Structure formats: structure tokens, C-alpha cells
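Commentary on secondary and tertiary structure
Below, each chain spelled out in residue letters.
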Amino acid sequence: MNNETWLSFDKAHVWHPYSSLVDPPPVYPVVSAEGVYLTLENGQKLIDGMSSWWCAIHGYNHPKLNQAIQDQLNKMAHIMFGGLTHRPAVDLAEMLVKITPEPLETVFFCDSGSVSVEVAIKMAIQYWYALGFPQKQRLLTIRSGYHGDTFGAMSVCDPVSGMHNMFSHVLPKHYFADAPKSRNDEEWDENDIRSFQTLIESHRQEIAAVILEPLLQGAGGMRIYCPEYLRRVKKLCEKHSVLLILDEIATGFGRTGTLFACEQAGVIPDVLCLGKALTGGYMSLAATMTTKQVSQAISSNSPGVFMHGPTFMGNPLACSVALASISLLLESPWQEKISRIEKQLNDSLSTCEKLPQVADVRVLGAVGVVELVESPNIPQIQKQFVEKGVWIRPFRNLVYIMPPYIIKTQELEQITNSIIEVISSL
Ligand SMILES: *Cc1c(COP(=O)(O)O)cnc(C)c1O
């Protein structure tokens, strides 16, 4: 196929995320990626502001990450994890146990963030079942959340933006509290916890777990909230015998300024979901971690095993590159890099606040969000960004960036300048 043909084949036959095959918006063909740059087929280089959906924290084509995969590839690409084990999975598990809060000491590997959320939900339900509370099968969460696209995960996404209507007969019904309004840079407002408190008090007997994204709600609206909310949630969970699942798939591995966002609230979950940046953006891998309390209860009561086991569980290539990526992160001055990015985002994006097109600007760690008053035409605004040499993919009325941590000051400046120019032109 020549260039024209493969792109038109893409248009007619290949689904892209949340895409239409009737009137597909343009997609840009990428031939290679290096550092913070994506190279398009026409030779143009774009500075990546997205880290490929928040994963590629070290940038692309990193020699150490490439090497980790190559070394493992020469030994074996994959073996089943049932009845067999291997060093890459165990070494990675040891690393994850070491860097996460202490009581989290068991690791369940799976292939994607959504599946790690499914696994977390099943763990919570099976925990209560094992302890003799089979009626505890519901979840409590907050609005504006996002936990993935599979059915269990979708059932705890924001009911409106997650389109619960379309799937209403197959989605389990869970409880939704109002999302907190107090921001990370504001005073705590006691009213924020009311709706959550009412729900957990009235339905404690049916609720197995609370599931939340700590501090930063990602794809459900890029909202940043006060750590005090998380502390209140944790207290109420303890008081009412409900497990706390924290979904750190987007926030994990330094993105918000601490290795895990929950550290900023001093809150430790019973179950932790990791994904996205786990492999530095190289391969799909996720993990669900839990405490001895949960793993022992599940394992010592009927049916005596945890009921999940994906075919590609613990893939050795993915585990090897994940271990290399975490080591690379820990060896680097990552806190410094994130706080430099945070400061630069605060300084540069604050210019946007005055624009009539802008409703709000918020920054947390290496995450910068400009909320527009109206939703722009996405293909059109994306084209404008590409013309300015940057890769940014807004959704709804949110123009946001989550750049690789290795981004240089001038490169980030080019991104933020482009944002200001493009938004001003709307
Ligand atoms: C991306 C994301 C998921 C889903 O992960 P996938 O790998 O896309 O399945 C779940 N939760 C959060 C917070 C996410 O950002």
C-alpha cells in the first residue's frame, strides 16, 4: 500500500478511540518518536504535550527502556503465568511493594487500567463475600470520575459523561456522591463531604468499596480537589466498614508531584490501581495492589482463590520495561523536574485566565488544564496546534497538557505559547 492508500484504509476500516467511521476526523501519521518529539510522515516534528495519554514519562525511544525489552526478548517474550513464574514479574512486584505505602504488599498483574479496576472491584466484593457479607456488592464513588471503558469500570465513571443511559440495562447500579468543589489551592469547605457522608451512612450494608481518583480526576473532567476530601473519605470508610480503592492509573509515578497522589493526603488505600506510566508508555501493563488483610481473607475462605486470571498476565516484556522505567524514574531528580514543570505551567498558563474564552486554569504537578467557556471544534483546534509544532489533544472544553518529565523549558514554553495563541484566536 502506498501512503494515500494506507491512510484511506485507516479511515474506512480502523476504529480509533471514541471515533466515527462515517465521518472520521483526520488522524496524523507518525513514523517515529524520540525524546519529546513525534515525527510525522511528512517529516514535521511535534513536541508531545500528552505523553501518549499520560504514559511516556521519560519520552520516546529511551535507550535504557529499549535495552530492557531487548534483553528480555532474547530470553522469552511471554509464558503463561498459571503454574509458572519468572524474574521480571517478581522483581517488578518487589519494586512496587517497596515504593507504595507499606500495607500494600500483594500485586495482581493485568493488561490495562480498565482491567485493573475490574480486578479491584472483584477483590472488594470477594473480600466481603469471604468474610460472610455477600450483600456488600455495591460501590460508592463521586461524579466526574473516570475509571475505564469496560463494564465494571464504566459503571463507576461519571453517569452523564460516561453515558450510562445507553447501557442502562447492563450496567450495575452504584452510588454517586457529588464531586468535591474545594480545590487543592483553596480552604476546605465542610459542605463538600455531606453528600458522600449521607450515602455511605445510608447504604453501608450494601457498599463493598469506595473508588476514587485521588486529588486529580482525569478523563472525567480534569478536576483537581482538596486532599482533605480524601482524608474525610478514608475516615468514613473505616467507620462504616467499607474498603477504599484508589485509582492512581493517571496520577501514579510522580505526575502530581509525589510518587503517588495519595501521599499528599496521607491516605493509604486498601486497594490501589496502577497503569498508564507503569511501563513508561512502552507496553500495556497494569497492576492491582492490596493489603495482607484483603489477600488473606480472600485466600482463606471459600472458594479459596481469587477469581481472575488474564491470558497475558505478568507479560515478561512488559514487566521488564516497567521495572526499568521505575528505576529510571527513581534514579532521576524527578521531584525537581515536576516542580519546575509545575512552576512554569503556573507562570505561563496564568496569562490565559484573563482571556474571555477561558473559564478556569488549574495546575497540579506536571498537569496543566485550561478550561474553556465553550467546547471548541476539536479537529480544527488540533490542526492549529499541529501547525504550531505541538501535539495536544483536547476533549470537551478542556485543553490540557501532561508532558513527558524530560521536557525542556523552551519546549514547554512552545507548548504553552501555542495554547495561549490558539485559544486567543477562538
Ligand atoms: C486511563 C485510565 C483508566 C483506564 O486505563 P486503560 O489502560 O485505558 O484501560 C482508568 N482509570 C484512570 C484514572 C485512568 O486515567
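Structural data are supplied above this passage.
Summarised in this report is the structure supplied together with it. (Residues numbered from 1 in each chain as written. Predicted model: local features only at pLDDT ≥ 70, side-chain atom pairs only at ≥ 80, totals over all residues. Heavy atoms only, no water.)

Regarding its fold elements, the protein chain presents 13 helices and 16 strands. Its C-alpha atoms give the protein chain a radius of gyration of 22 Å, near enough to 22 Å, the size a compact globule of 426 residues would have. Dimensions of the protein chain, computed from the C-alpha atoms along their principal axes, are close to 60 × 55 × 45 Å. Looking at the protein chain residue by residue over its 426 residues, the buried ones come to 54%. A separation threshold of at least 6 residues defines the contact pool for the protein chain, and within that pool the share at least 24 residues apart is 71%. Only carbon and sulfur atoms are counted for the fraction: they give 55% of the accessible area of the protein chain, which is about 19,000 Å². Here the protein chain contributes 34 positively and 43 negatively charged side chains, and the mean placements of these two sets differ by 3 Å. (Helix = DSSP H or I, 4+ residues; strand = E, 2+ residues; numbered from the N terminus. Rg over C-alpha atoms; globule rule 2.2 N^0.38 Å. Buried < 20%, exposed > 50% of the residue type's maximum accessible area, 1.4 Å probe, protein only. Contact = heavy atoms within 4.5 Å. Areas by Shrake-Rupley, 256 points an atom, 1.4 Å probe, with all protein chains shown as cover. Lys, Arg positive; Asp, Glu negative; His and termini not counted. Charge placed at Lys NZ, Arg CZ, Asp CG, Glu CD.)

It is the contact of helix H11 (residues 334-349) with helix H13 (residues 409-424), at a shortest axis distance of 10 Å, that shows an interaxial angle of 30°. In terms of axis orientation, H11 runs roughly parallel to H13. H11 and H13 meet at a crossing whose hand is right-handed. Counting all contacts with H11, which are made through Arg340, Ile341, Gln344, Leu345, Ser348 and Leu349, the residues of H13 involved are Thr409, Leu412, Glu413, Thr416, Ile419 and Ile420. (Axes fitted to C-alpha atoms, helices over the stretch in contact; angles between N-to-C directions. Parallel < 35°, antiparallel > 145°, perpendicular 65-115°, else oblique. Left-handed = near helix turned anticlockwise from the far one by under 90°.)

With 13 residues, helix H3 (residues 63-75) should cover 18 Å at 1.5 Å per step; its first-to-last C-alpha distance of 19 Å lies within 8% of that length. For H3, the complete set of buried residues consists of Leu65, Ala68, Ile69 and Gln72. The arc that holds the buried residues of H3, viewed along the axis, is 90°, so those residues lie on one side. Exposed residues lying more than 90 degrees from the buried face of H3 are Pro63 and Asn74. On its buried face, H3 is in contact with helix H4 (87-99) and helix H10 (316-331). (Expected span 1.5 Å × (residues − 1). Arc of directions from axis to C-beta.)

One open sheet holds the seven strands; their spatial order is S4-S12-S11-S10-S7-S5-S6, and the pairing between them is mixed. The open sheet has two edge strands, strand S4 (104-110) and strand S6 (175-177), and neither has a second partner. Strand-to-strand twist across the sheet, computed as the mean angle between neighbouring axes with direction ignored, equals 20°. In this structure, strand S10 (residues 243-247) lies alongside strand S11 (residues 271-274), joined through three bridges in parallel fashion. Its bridge partner lying in S11, Asp247 is registered against Cys273. Along the sheet face, H4 touches S4, S11 and strand S12 (286-291) and points at about 135° away from the line of S4. Its contacts with the sheet place helix H5 (residues 113-130) against S4, strand S5 (138-142), strand S7 (207-212), S10, S11 and S12, and it is angled at close to 25° to S12. (Pairing = 2+ DSSP bridges.)

We now examine the sheet that holds strand S2 (residues 37-40). Pairing is mixed across the open sheet formed by four strands, whose spatial order is S1-S2-S3-S15. Both edges of this open sheet fall to strand S1 (30-34) and strand S15 (390-391), since each of them pairs with a single strand only. In this sheet, S2 lies alongside S1 in antiparallel orientation, the contact comprising four bridges. Looking across to S2, one finds that Ala33 is bridged to Leu38. Across the sheet, H13 touches S2, strand S3 (45-48) and S15, and the angle it forms with S3 is around 90°.

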